[in-house]
Amino acid sequence: MMESVPPALELPRKRCAPIPLMVKAAIAVMGFLTFCAIFAQWLMPYDIAQTDLLNRFALPVFLGGSWAHPLGTDNLGHDMLSMVLRGIQISFTIAVLGTLGGAIAGTLLGLLAAWAGGVTEDLVGILVDFQATLPFLVLALALLAVLPDADMMLFILIMCIYGWERYARLARSVALSAKEATYIQALGVIGAPTYRIYLAHILPNALGVLIVNMSLNFPATILAETSLNFLGIGIQPPDTSLGVLMGQGRNHIYNAPWMALVPGAVILVATLSMSLIGDWLRDQLEET
Amino acid sequence: MRLLNLEPYMLRPQYSLPAYILPALMSVGIAFAANANELSIAVQKVPDSLDPALENSNVNQRIMWSLFNTLVTVDYRDGGKMVPGLATDWDVISPRTVEFKLREGVTFHNGDSFDAEDVAYTFSPERLQREGGSSGTTVVTKPFLGGIENVEVMDPMTVRITMKEPDAIIVQRFANYPSQILSKEGLKEADSQEDYSKHPIGTGPYRLVDYELGEHVTLEAFGNYWGEEKAAAEKVTFTVVPEVSTRIAGLRSGQFDIITEVGPDSLEQINKAPNTQSAGGPVENIRGLIYDSTNDILDDPSIRQAMNLAIDRQAIVDSLYHGRTEVPHGWQLDIFGDMFLADRSTPEYDPERARSLLDEAGYDGEEIVYRTQNAYYTNEIETAQILQSMWTEVGLNVKLDVKETWAQVMEDTEDRHIFNGSFTAYYPDPMGQFWRRFGPNGGWAQEDVFEVEPEMLRLGDTLSTSPDLEERRRVFSEMLDIFQADPDGAALHLLTQFFGVNTDRIELDPMPTLYLDLTTSGVRYQDQK
Amino acid sequence: MTRWIAARLGRAGFTLLLLISFTFFALMISADPALQILGPDAGPEAIAAFREKWNLDKPLWYRYLTYLNGVLHLDLGLSYRTGEPAIHMVLDRLPATLALMIPTAIVSLLIGVPAGIYAAYMHRTTADRVTMLLSVVGLAIPNFLVGILLMYFFSVRLGWLTPSGIVGWSSFIMPILTMATAEAGIFARFTRSAMIELLQHPMVETGMASGFSRWKVLFVHVLPNAALPLLTVAGLFMGSLIGGAVITENVFSWPGTGRLLVESVGARDFTVVQTTVLLIGSTMILANLAVDLSYLWIDPRLRDARQVARR
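Residues numbered from 1 in each chain as written. Chains lettered and ligands numbered in written order. Predicted model: local features only at pLDDT ≥ 70, side-chain atom pairs only at ≥ 80, totals over all residues. Heavy atoms only, no water.

## Digging into the overall build of chain A
Moving on, step 1. Tallying secondary structure elements over chain A gives 10 helices and 0 strands in all.
Moving on, step 2. Oriented by its inertia axes, the alpha-carbon framework of chain A measures out at about 75 × 50 × 30 Å.
Moving on, step 3. Residues classed as buried in chain A amount to 56% of the 288 residues present.
Moving on, step 4. Sequence separation of at least 24 residues holds for 71% of the intrachain contacts in chain A that already meet a minimum separation of 6.
Moving on, step 5. Total accessible area on chain A stands at roughly 11,900 Å², and carbon and sulfur atoms take up 69% of it. (Helix = DSSP H or I, 4+ residues; strand = E, 2+ residues; numbered from the N terminus. Buried < 20%, exposed > 50% of the residue type's maximum accessible area, 1.4 Å probe, protein only. Contact = heavy atoms within 4.5 Å. Areas by Shrake-Rupley, 256 points an atom, 1.4 Å probe, with all protein chains shown as cover.)

## Remarks on the side chain of R173 of chain B
Residues and elements named next belong to chain B.
Moving on, step 1. With respect to the helices and strands, R173 occurs in helix α7 (residues 170-173).
Moving on, step 2. A relative accessible area of 11% places R173 in the buried class.
Moving on, step 3. Among the polar contacts made by the side chain of R173, one reaches the side chain of D167 at a distance of 2.5 Å.
Moving on, step 4. Contacts of R173, omitting those with residues within four sequence positions, involve P143, F144, L145, M163, D167, S179 and Y427. (Polar contact = N/O pair within 3.5 Å; in protein donor to acceptor, adjacent residues only side chain to side chain.)

## Some words on the sheet that holds strand β4 (residues 87-94) of chain B
Residue and element names in this part refer to chain B.
Moving on, step 1. Here 4 strands make up an open sheet; going across it, the order is β4-β5-β7-β6 and the pairing antiparallel. Among the strands making up the open sheet, the edge pair consists of β4 and β6 (148-155). The sheet shows a mean angle of 20° between the axes of neighbouring strands, direction not considered.
Moving on, step 2. One ladder, built from 5 bridges, connects strand β5 (residues 97-102) with strand β7 (residues 158-163); its direction is antiparallel. Counted as the bridge partner of T97 is T162 from β7. (Pairing = 2+ DSSP bridges. Axes fitted to C-alpha atoms, helices over the stretch in contact; angles between N-to-C directions.)

## With respect to unusual backbone geometry
Residues and elements named next belong to chain B.
Moving on, step 1. The omega torsion across Y177 and P178 is -5°, close enough to zero to call that bond cis.
Moving on, step 2. Following the sequence through the fold, P178 ends up in the loop between α7 and α8 (184-189).
Moving on, step 3. Here E261, not a glycine, exhibits a phi torsion of approximately 50°, which is positive.

## Observations concerning the packing of helix α6 (residues 126-140) of chain C against helix α8 (residues 173-199) of chain C
All names here are of chain C.
Moving on, step 1. Contact geometry of α6 with α8 gives a least axis separation of 7 Å together with a crossing angle of 140°. Here α8 runs oblique to α6, going by the angle between their axes. For the element pair α6 and α8, the recorded crossing hand is left-handed. Residues D128, M132, S135, V136, G138 and L139 of α6 form the contact with α8, whose participating residues are T181, A182, G185, I186, A188, R189 and R192. (Parallel < 35°, antiparallel > 145°, perpendicular 65-115°, else oblique. Left-handed = near helix turned anticlockwise from the far one by under 90°.)

## Some points on the confidence of the model for chain A
Moving on, step 1. With 92% of its residues at a pLDDT of 70 or more, chain A has an overall mean of 83.
Moving on, step 2. Taken together, the stretch residues 1-14 of chain A has pLDDT below 50 and engages in 26 contacts with residues farther than four places along the chain or on a different chain. (pLDDT = per-residue confidence, 0-100.)

## A closer look at the environment of V61 of chain A
Moving on, step 1. Its place among the elements puts V61 of chain A in the loop between α1 (21-43) and α2 (80-116).
Moving on, step 2. Residues contacting V61 of chain A, with those up to four places away along its chain left out, are S66, W67, H69 and P70 of chain A.

## Description of the interface of chain A and chain C
Moving on, step 1. The interface of chain A with chain C comprises 44 residues on the first partner and 50 residues on the second.
Moving on, step 2. Contact between chain A and chain C buries roughly 4,000 Å² in total, counting both sides, with carbon and sulfur atoms accounting for 80%.
Moving on, step 3. Inspection of the chain A/chain C interface yields 2 salt bridges.
Moving on, step 4. Residue D279 of chain A pairs with R189 of chain C through a salt bridge whose shortest N-O separation is 2.8 Å.
Moving on, step 5. At the boundary of chain A with chain C, the tally comes to 4 residue pairs in polar contact (both at pLDDT 80 or more).
Moving on, step 6. Contributions of two or more residues to the side of chain A that touches chain C are made by α3 (118-133), α4 (136-146), α8 (194-230), α9 (242-250) and α10 (258-287) of chain A.
Moving on, step 7. Looking at which element gives the most residues to the side of chain A that touches chain C, the answer is α10 of chain A, with 11 residues.
Moving on, step 8. When grouped by side-chain class, the residues that make up the side of chain A that touches chain C number 31 nonpolar, 7 polar and 6 charged. (Buried area = accessible area lost by both parts, 1.4 Å probe. Salt bridge = Lys/Arg side-chain N within 4 Å of Asp/Glu carboxyl O. Nonpolar A, V, L, I, M, F, W, Y, C, P; charged D, E, K, R; others polar.)

## A word on helix α20 (residues 469-485) of chain B
Two residues of an α-helix separated by three or four positions point the same way, owing to the 3.6 residues in each turn.
Residue and element names in this part refer to chain B.
Moving on, step 1. Taking 1.5 Å per residue, 17 residues should reach 24 Å; α20 reaches 25 Å between its end C-alpha atoms and fits that length.
Moving on, step 2. Taken residue by residue, α20 has R472, V475, F476, M479, L480 and F483 as its buried positions. Projection of α20 onto a plane perpendicular to its axis shows the buried side chains occupying an angular sector of 140°, all on one side. Exposed side of α20, more than 90 degrees from the buried face: E470 and R474 are the residues found there.
Moving on, step 3. Residue D468 occupies the N-cap position of α20, its side-chain oxygen lying 3.1 Å from the main-chain nitrogen of E470. (Expected span 1.5 Å × (residues − 1). Arc of directions from axis to C-beta.)

Below, the structure written as structure tokens:
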């Protein structure tokens, strides 16, 4: 979020201050959630396609239910633990792909602008300006409204739009200042191809800021995804995500509060942990 | 050329911020709607248009009963008997013609008195086949009143209506939707037809005071109402609260007296609280499925038969609806009265036979696509997922395809196999339900979802035109038999309409229909008992 | 300077044109709304009549020019759903949204800025870390979760507040709190980092050395200078407020623009979606432009830059 860009910075390699306990905990939580996301298929105790009409709204353990369904069941008798695991998998996939997609597209456009200058730079600038005119949620709602059949691919593509302009700005300003550096100019003089100079020498300069930005962008992407799905626009059942689960859960907030509170808690823990990690990374970067 | 003419928008008082906010700020403290004679109702949506001829929706029907009357009234509290409404008497002169004697001394909300001219206007092509709204009224009214040939004013208090063809349900047509009578004078006072449809003038127990799309509809008791049961409240506000959880919160906190569209799963919670109770139950509408038989997989009737046999309807009713609705006896309801075939059983559940039928048909796991929306109907996606598992049980390979709009559901491509529908009995007769939907004039036959067999067509003709009750009963029974062997759809259960009621304040006695009765026969205040 | 302003204005104008074209072409690629609006029972004549009525049968360039001309006259077409002018529907809902956004902005400034100052003043202490943790929680917790939890406790459990619509002043409490959790977090973080940067400025040490108290230096010298970094996030803040309003209005059934947008998306009422997007976009363009122009008299560096340019 801080747009002040320190030129040519790298992630600290030496002299790391001890990692604060809070950040260690956050890293552990993210590690655990990522593990769940990758291995959800094997961790799920039940098949989420199967409904069980005799076992609807089973209480979770912490409300006095049985261990057969540790997080209870939903309105169709789906095991909530399995649903949440699947939700984590989908939401993380969307957030990772969305963040990566946005980062790659934004960075390339930023480098392109710095390299080409002139009209190209102006065009990228106009795109950045345009992006700044529409809050992401509004843009995504408008796009999802007009696109005929929203599927998962399309949804991920739309999530890629989120925050691309920040990478573009960062990459461009880092590249512009790196261009002035003596050794880069020297590379140009000895005839190294331009694309190599940009990708092999200038890009690594920007990597630190870009990674920090990605770590801060990730939780925001999760929030955007869950918000859209909470509004009922985006992924449709039987596919699910943490946002879809929240959206379904709120209809049962009074008779089965765990349906909304369990995925809600997972969303909160994930975004909070990732923000803490991102903040810490940024502090490290700024201190070197 | 004027550029950016903001003036009309800036100066209109309702857009200036203080004028809007101040009243809200000044209303003191926790201003719940506890005013003695006001009724505050939370609805999921208010209609886009209040004209019955322009919008056929549950949200519109809910308000219609308060604003309008029909010539003949259906007494839903007495088995759907037809009783005098705006007409005191009627006479079926021939299978094509009916004559109504109109009630004297009825006043419209604008003070205009009711007579034959208003009836003639209500059923005129000028109103029923006009442009307006987004679609015009033809699309909405044709299935119901498209058969009217002409309306003759015999004298100021007598009207004679002639249909193009003999009509077995000629009187019912003028007792039910969309035959609500509107004032002819009211149209002249309005700017245009379009404007009139936003504040139509009727004769009902309440008159319209305010209508803000997407926000609220406000009604006020009409002092000169002709009926015996008067308006129960002085003022009624239908407030839009799209989220069911917010509606329930509003009921529990005392903000609303009645909330609509409560999911069956929330009823228990509402009953548990000390100040709230649930009300309502099944309405005269069958929730069903439609099979597209024009594709390679479903053109075999035995596969469709197997699909029907695989559905455990009672399990759906018991679980998703907590037993608070019922499985119909085929495509009919007991409000059909004399036309109700009581000896027909509910649809059979026999997974064994379903399996063997599939074997015989040589079904080999071909993918069948079931298009559904998320929540157009109560429990829609839930029911779809349950049906999918029931079908999987007998070896059918059904894929759910969740769509967001009706256009996407109806899109005529190769993979349109199964989709959802509901079958309102607009008339207490198979003509108003089964044949309206599965007959040759129904939307689905017109859109090539299935073809109506010649034998069916012949029987349907008799059903529509014959005045002989015994013959009609026999024909209807035969039609149901044919349908069972070669089904174009499946009847699941009766649709429901559940309310939450603030029992500290009122008692609600809903009718088994989408109309909401807010007269003294439907709503009683606790302190006035 | 005039040239700089002209360039900014030109760029804003161009972005506006881009926005208008975007909303037009977004509408173009949308599915034919006829079936959706008319319902599954509509026949071919009704669909043809609908297309003719809404100019859907005309060539693209004709419709684009008609649309541009319409936008210039603030005539953005009629709602497919109701036949009313879309701009009326959107403007009708605007006051309710502003009535949420303005108090939220004030509340989150009142909470966030002092919290940020406090954290900066207590830099690297436990108080700093706790304040920052709270601000991260505020940012990380989904808006809708806050709203639902508030509603559960204050409406259902305690029965103190009405959960939907505008009934009285008390109706504002929960929606504003919901939106302000995130916004106050944003302000706290920005204020803190801006202040910390300034506190390291030599001027502060000079001030302290000349015997002023730390607080006095903070308020008299540092705070005014922190206004500029705060201003740079005004655009971002506005966007986040609008996004927050969309969610919050839907949770609390608030009769504002955000709910209208979601409602219209659901009903495929494209003209209203288009109008809402256009209104939000042009507001943001104006806000960003205002921020840029206000640098002119706040930031001395820009005045210097002007002199450099003259040389």
